[in-house]
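Next come the chains, spelled out residue by residue.
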Amino acid sequence: MIRRATVLFLAALLPLLAGAGQAQAAGYRYWSFWERDGSAWTYATVGPSLSRPADGDVQGFRFSVSEDSGDAAKPRGAAGFDTICAKTPAKDGTKRVALVIDFGTPGDAPSGERPPAGRTACAQVAEDATTAEALASVAEPLRYDSNALLCAIAGYPAKGCGEQVATDGKDSSPTETAGTAETAGSAEDDGGSGPSVGLIAGAAVVVVLGAAAVWQVRRRA
């Protein structure tokens, strides 16, 4: 009887424990970098300062809040090279890179800011130019932090850089960042490597209340 009562009591607490862990979930607000592979977007494996696109490539940037690269929002809108660079003829010694810049949604915007309308641009740059250089040629001002993380495109957002935020979009730890442009994904993964404070606290409550339930049953017996 004691064992049955304890099991039922702990089972009733499981939803509360799960909720405690989920309430602590967080992501990062940052510019993600994408490459167009056929008809689909793929998350870039290197940062824009290391990427060297070829003539005819399509690359994109999306500002959003996400926990890691697996759930990052992709750029929206037209993404065809022929459409974006239709009015930019080929030129010797240069290459053309089609860029899709998605400033995200109001829900992902920092407090007090509103995202501009998305845009596309055809960057015509030197043959050995990086994506960062192509972006700078069509979407200044850009802003980077001391770790080379891309913080703003065309001046958006005006402040902040890869800050950690709660899943409801509110800032939770402005001093923590997503890492450099080349290692943002690994930094985000590290942020979820241990149990949350809420989960630990919830487990402690289960242990204490479970012991109390056992004691009550034994006393009545």
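All figures in this text were calculated on a predicted structure; none of them were measured in a lab. (Residues numbered from 1 in each chain as written. Predicted model: local features only at pLDDT ≥ 70, side-chain atom pairs only at ≥ 80, totals over all residues. Heavy atoms only, no water.)

Asks: I keep staring at the overall build of the protein chain and nothing clicks. Help me out?
Replies: Helix and strand counts for the protein chain stand at five helices and nine strands. The secondary structure elements of the protein chain, listed N-terminal to C-terminal, are α-β-β-β-α-β-β-α-β-β-β-β-α-α. Out of the 221 residues belonging to the protein chain, those deemed buried represent 38%. Within the protein chain, contacts between residues separated by at least 24 positions form 65% of all contacts whose residues are at least 6 apart in sequence. Total accessible area computed for the protein chain in this model is approximately 12100 Å², and 54% of it derives from carbon and sulfur atoms. (Helix = DSSP H or I, 4+ residues; strand = E, 2+ residues; numbered from the N terminus. Buried < 20%, exposed > 50% of the residue type's maximum accessible area, 1.4 Å probe, protein only. Contact = heavy atoms within 4.5 Å. Areas by Shrake-Rupley, 256 points an atom, 1.4 Å probe, with all protein chains shown as cover.)

Asks: Would you explain the packing of aromatic side chains in this entry?
Replies: The relative placement of two aromatic rings is captured by the distance of their centres and the angle of their planes. Under the definition given, this model contains six aromatic pairs. Ring centres of tryptophan 31 and phenylalanine 63 lie 5.4 Å apart, and the angle between their planes is 55 degrees; on these two criteria the pair is classed as tilted. Pair noted here: tryptophan 31 is in strand 1 (residues 26–37) and phenylalanine 63 is in strand 3 (residues 58–66), with a separation of 32 residues, a long-range link. The residues tryptophan 31 and phenylalanine 63 share a single accessibility class, namely buried. Summarising the aromatic geometry, the rings of phenylalanine 63 and tyrosine 156 are spaced 5.3 Å apart at their centres and angled 70 degrees between planes, so their arrangement reads as edge-to-face. Within this pair, whereas phenylalanine 63 is found in strand 3, its partner tyrosine 156 is found in the loop between strand 7 (150–152) and strand 8 (164–166), the two being separated by 93 residues in sequence. (Phe/Tyr/Trp six-rings, centres within 6.5 Å; stacked < 30°, edge-to-face > 60°.)

Asks: What's the story with helix 3 (residues 131–138) in this structure? I'm lost.
Replies: Listed as buried for helix 3 are Thr131, Ala132, Ala134 and Leu135. Each buried residue of helix 3 lies within a common arc of 160 degrees when the element is viewed along its axis, so the set occupies one face. Tucked inside the fold, the buried residues of helix 3 contact strand 1, strand 3, strand 4 (94–102), strand 5 (119–126), strand 6 (143–144) and strand 7. (Arc of directions from axis to C-beta.)

Asks: Would you mind showing me how to read a negative patch on the surface here?
Replies: Among the surface-exposed residues, Asp92, Glu127, Asp128 and Glu133 lie close enough to one another that they form a single negatively charged patch. Checked against the element boundaries, aspartate 92 lands in the loop between helix 2 (81–84) and strand 4. (Patch = residues over 30% accessible without salt bridge, like charges linked within 9 Å, V, L, I, M, F, W, Y side chains within 5 Å. Salt bridge = Lys/Arg side-chain N within 4 Å of Asp/Glu carboxyl O. Lys, Arg positive; Asp, Glu negative; His and termini not counted. Charge placed at Lys NZ, Arg CZ, Asp CG, Glu CD.)

Asks: In this structure, what is going on with unusual backbone geometry? I would like to understand it.
Replies: One can expect most non-glycine residues to show negative phi and most peptide bonds to be in trans. The peptide bond linking glutamate 140 to proline 141 adopts the cis configuration, its omega dihedral lying at 0 degrees. With respect to the helices, strands and loops of the structure, proline 141 is situated in the loop between helix 3 and strand 6. Following tyrosine 156, the chain continues into proline 157 via a peptide bond in cis, with omega recorded as -5 degrees. Looking at the secondary structure, you find proline 157 in the loop between strand 7 and strand 8. At alanine 148, a residue that is not glycine, the phi angle is positive and equals roughly 70 degrees. Within the fold, alanine 148 resides in the loop between strand 6 and strand 7. Notably, alanine 154 is not glycine yet its phi reads approximately 55 degrees, a positive angle. As for its placement among the helices and strands, alanine 154 is situated in the loop between strand 7 and strand 8.

Asks: Is there a simple way to explain the environment of glutamate 127 in this structure?
Replies: Checked against the element boundaries, glutamate 127 lands in the loop between strand 5 and helix 3. Glutamate 127 gets classed as exposed once you look at its relative accessible area, which sits at 55%. Distance from glutamate 127 to arginine 52, taken between C-alpha atoms, is 8.8 Å for residues 75 residues apart in sequence. Glutamate 127 has contacts with Gly93, Thr94 and Lys95, leaving out every residue within four places of it along the chain.

Geometric values such as these leave the question of function open.
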